[in-house]
Amino acid sequence: MISIKIRTKAISGIAGMIAVCLLAILLGPTPAHAETLKPVTFLPQWSPQAQFAGYYVAEAKGFYKRRGLAVTILRGGPEQPAGDQLAAGQVDFGTLFLTEGIARRDQGTPLVNVGQIVQKSALMLVARKASGIRTPRDFNGRRVSVWEDFNLQPLAFFQRNNVDVTIVPQGYTLNLFLMGGVDAASAMWYNEYYAILNSGIDADEMNTFLLADHGLNFPEDGIYCREETLLRDPEMVRAFVQGSIEGWRHAFDHPEEALTIVMARVNAANLPTNRGHQKWMLARMGDIIRPAGGTAPMGTLTEAEFRFVAGQLRESGIIETIPDFLEFYDPTPSTP
Amino acid sequence: MTRPPRPPKQRGLAFRLALFILASTSLIFLAAFGYNYYYSRQLVLKGVREVAMQMVQTTVLRIESKLRAVETPPRMVAMHLESKPITDDLLLPLMHDMVASTPAIFGAAAAFEPHAFDSAIRFHAPYFFHAEDGKVAFTQLGSKAYNYFLWDWYLIPKELDRPVWSEPYFDDGGGGILMSTYSHPFYDRSAGRRQFRGVVTADISLEELVAEIDKISLYDTGYAFLISRSGAFLAHPDKERIMRESVFSVAADDNRPELRAIGREMIGGRSGHAAFTSIHTGRRSLLAYAPVPAAGWSVGVMIPENELFADIWSLNRMVLAIAAAGFTLLLLVVVAISRSITRPLKKLVGATGEIARGNLDVALPVMNTGDEVQVLTRSVDEMRLALKEYIANITETSRAKERIESELKIARAIQMNFLPKHFPPFPEQSAFDLFAALEPAMEVGGDLYDFFMVDDRHLFFSVGDVSDKGVPAALFMAVTKTLMKGIVEQGLTPADVLARVNVELCQNNESAMFVTVACGMLDVATGELLYSNAGHNPPVLLRAGGVPEMLPMPPGLVLGAMEEAAFSTRTVWLGPDDRLLLYTDGVTEAMDAGQKLFSEERLLIEMAPLTTATPRRMVERLMAAVQAHAGDAAQSDDITILALHYKGVSEMAAKG
């Protein structure tokens, strides 16, 4: 199970590079044009799924190429954290949650948010009705599994509701919750929540707490690059962000086409998911990227949201100082 | 003879027999066939359910034994680790031997809690595995990138505090081998505590199991599948589904809530049966399922119904073929039987047609069938003979009747021809008026009336009634009237006239008929009326301005009965406008439907308002009254009425 994975990484890395080269040769534009395309790497923060549909669609539909970029989308996942890779300068672009972006900035990594794609937090707490958890107060004394990386909102939620909760580290699946090991678990609305439904638990058997609806809206996926990248080639950054936004628009307008593109990525990665699940995910991405009633253009980060999230981070001791908003976020690349 | 209308065109007996027999036989057959089909279906279903369940149980057992066999070594190692201080010298050979000695185990690890093995190191998880070259290889797991504390194989047994089979997963390295990991927790039990220290794991490849399940086939396209604790497909003929789809995702994609319900039953650890349309084959199928308790998985076997029931269907096809042949045979037999019935019937129909046309001498076909047709033929023959005889009788009777009728006609002609019928009879006479009428009965009754002027001054009138009816009575009446007229002209009194007529009638009266007569001789100049009686009803006298009364009659026997009978004459003087009414017993003895007689009293009452009427009116009114009385009752006797109105003679006329 495990050692193989380590060996595989090297193999798949090499194979991936070969594949990319082959693809570039086979599918690339005419040689004359090829010289003008700038090679760019992009690392989403997780394995291929509809959470990143916009980028895959932009790549597949040539939205990047049209803007002079040859984007290589790398396979993300726990073994290749986007934050680390960005910090190390291994990739040009990556997606990160706003919290991680701010934290990294505070830790001295000069990452810049060049487009806040996801406006609304999809993080939720899911409890079985049978456990008796109906209101936030009911969490008191319960075992709740929480992702270490995304524990800020749940902890703030528990604190706000003044409940004492036994936190259990949450792994990469919801199996502990499904097997009754915890009373409630963290879930992404677009992913784990549907996985729970697809594991045979009916929606009406659960009570859900979407943290964004409880005053804890932490905007999630944003596009990040290093400050030096932005300084060196702002046009390239803008091209990437604009291509990505166009990709998202196209994905929402043509969900079936987008799903086919996503599923090709999913199948190439041999991931245990299916089209139905990805369809759900894409629809939910629409809900959180273009939330109902939202008017801001795609990619916008308001200072108020930034200050709220950063304030929460400082309060919890994750960061010491709130970074300067305009240093952290550059609205130019995403401005239409 | 009127010809009966032709019967409406109908299907023949053979057709109807065939129709009804085949229809009812078909119904019976269909009922039996339907029940047989239903019952055999149930039987097959029961049998197949058992077979399918057995198949499921066998598969479950095979998986269970495989899993249980793999569970043992990690459990032993875990126990070992709890009983002794753990060092690499102890641990590494133990782990190596476990993997080396158990080919079923692909790899095994002993993963420790952070700093639990050595407080200086966070990760400690020695991992031995079967390398591709066949040797047992070794590596250390755990790094910042591979934080095994968060992986299911470590986290779940730790948090659940019990050994657990992980959800199966694809191992990326070995070309996408489907694997599952058994993790047995072990604890630090020193100093009376029980502190979680780590897990001992064993990875197994599920490929062999999946291959075994794939090999299961029932009937033509029946198949088996295996799902995990969360409903994910582990083994299924559609390889695309494995680990990508779950029962629930398939149910959601296809919008099949019943499949979701079945899935919940399966992962709920229950066993049972269900019938539903397989999404994989698109056919209505039978599903049998049972849980794999060790891992919380569930095995299902799907058998398409049409294959289950293929035997029944081939049986049914045979039954239907036999039925078709049977029906054909039955049809032929029915047609043959009905032909054998209808052939003589048709002959009979021909013969009866002849009879209907009036040929009663036709010969009926000879029957020796001994059945109802023969009986019918005999009956028809008897009917023919009876008809023949009846018709002969009718001919005879009608001939006699015609004769009688003609006799009656003759009698009536005789009677009526003898009666004076011109009114007023003597237009030159102003001294009196007279009217008479005779209403003959169906059978001539032999009534008579007569009047004539004997000389210028004397009017003779009479009313009589012969005792018998018909022609003899008519003749007797004619004789009486003729005799009376001849004798009156000799200038005799009414009594002498009757006496002489009586003598004449009595001679040669072999038939012993007699006649009653009332007669009178009126001197129109003076109003002197001489009258006599021979057993007749008394006339009614209506004096001018008086009340009607019966004219007292002299006694007298009927004429023709006794030669020596004596008669007497009486005299009554009629004044001007006196009226006299003579009648036969057809008036007083007319009966209504209740057999009530008209009676003399009634006669007098009817006459009362007629004291000033003309004779014609008197006769007509009385006739109408009698007829009204009789109503619908048949008139049994002649009714004869004669009315006389004496007006008297004016002085002038008398002198003249």
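Residues numbered from 1 in each chain as written. Chains lettered and ligands numbered in written order. Predicted model: local features only at pLDDT ≥ 70, side-chain atom pairs only at ≥ 80, totals over all residues.

Observations regarding the packing of helix α1 (residues 13-83) of chain B against helix α8 (residues 310-356) of chain B
Residues and elements named next belong to chain B. For the pair α1 and α8, the least separation of the axes is 10 Å and the interaxial angle reads 160°. Classified by the angle their axes make, α1 and α8 are roughly antiparallel. Crossing handedness for the pair α1 and α8: right-handed. Here the contact of α1 with α8 is built from residues that sort into 19 nonpolar, 5 polar and 2 charged. (Axes fitted to C-alpha atoms, helices over the stretch in contact; angles between N-to-C directions. Helix = DSSP H or I, 4+ residues; strand = E, 2+ residues; numbered from the N terminus. Parallel < 35°, antiparallel > 145°, perpendicular 65-115°, else oblique. Left-handed = near helix turned anticlockwise from the far one by under 90°. Nonpolar A, V, L, I, M, F, W, Y, C, P; charged D, E, K, R; others polar.)

Here's the deal with helix α11 (residues 255-268) of chain A
Residues and elements named next belong to chain A. The end-to-end C-alpha distance of α11 is 20 Å, a good match for the 20 Å that 14 residues give at a rise of 1.5 Å each. Every buried residue belonging to α11 is among Ala258, Leu259, Ile261, Val262, Met263, Arg265 and Val266, and all of these are buried. Phi turns positive, to about 55°, at Asn270, one or two residues after α11. (Expected span 1.5 Å × (residues − 1). Buried ≥ 20, exposed ≤ 12 C-beta atoms within 10 Å, placed from the backbone.)

Section: the interface of chain A and chain B
Taken together, the contact between chain A and chain B spans 28 residues of the former and 38 residues of the latter. Secondary structure elements with two or more residues in the side of chain A that touches chain B: α1 (3-27), β7 (166-169), α7 (175-178) and α12 (275-289) of chain A. The biggest single contributor to the side of chain A that touches chain B is α1(A), with 5 residues. (Contact = placed C-beta atoms within 7 Å.)

A few points about helix α6 (residues 257-267) of chain B
Residues and elements named next belong to chain B. Looking at α6, one finds that the buried residues are Leu259, Arg260, Ile262, Gly263, Met266 and Ile267. Each buried residue of α6 sits inside an arc of 160° when the element is viewed along its axis, so together they form one side. Projecting away from the buried face of α6 at angles above 90 degrees are the exposed residues Pro257 and Glu258. Backbone geometry just downstream of α6 places Gly269 in the positive-phi region, at approximately 85°. (Arc of directions from axis to C-beta.)

Comments concerning the sheet that holds strand β18 (residues 528-534) of chain B
Residue and element names in this part refer to chain B. Spatially, β15-β16-β17-β18-β21 is the arrangement adopted by the 5 strands of the open sheet, whose pairing is antiparallel. In the strand order of this sheet, the two ends are held by β15 (447-453) and β21 (569-573), each with one partner. Across the sheet, the mean angle separating the axes of adjacent strands is 15° when strand polarity is ignored. Pairing between β18 and β21: 5 bridges, direction antiparallel. When the sheet's bridge partners are listed, Leu530 is paired in β21 with Thr571. (Pairing = 2+ DSSP bridges.)

Some thoughts on the sheet that holds β7(A)
All names here are of chain A. The strand order across the open sheet built from 5 strands is β7-β6-β8-β5-β9, with neighbouring strands paired in mixed fashion. Both edges of this open sheet fall to β7 and β9 (206-210), since each of them pairs with a single strand only. Here the strands of the sheet are splayed against their neighbours by 30° on average, with no regard to which way each runs. Across 4 bridges, strand β6 (residues 143-146) lies against β7 in parallel orientation. Paired with Ser145 across the strands is Val168, a residue of β7.

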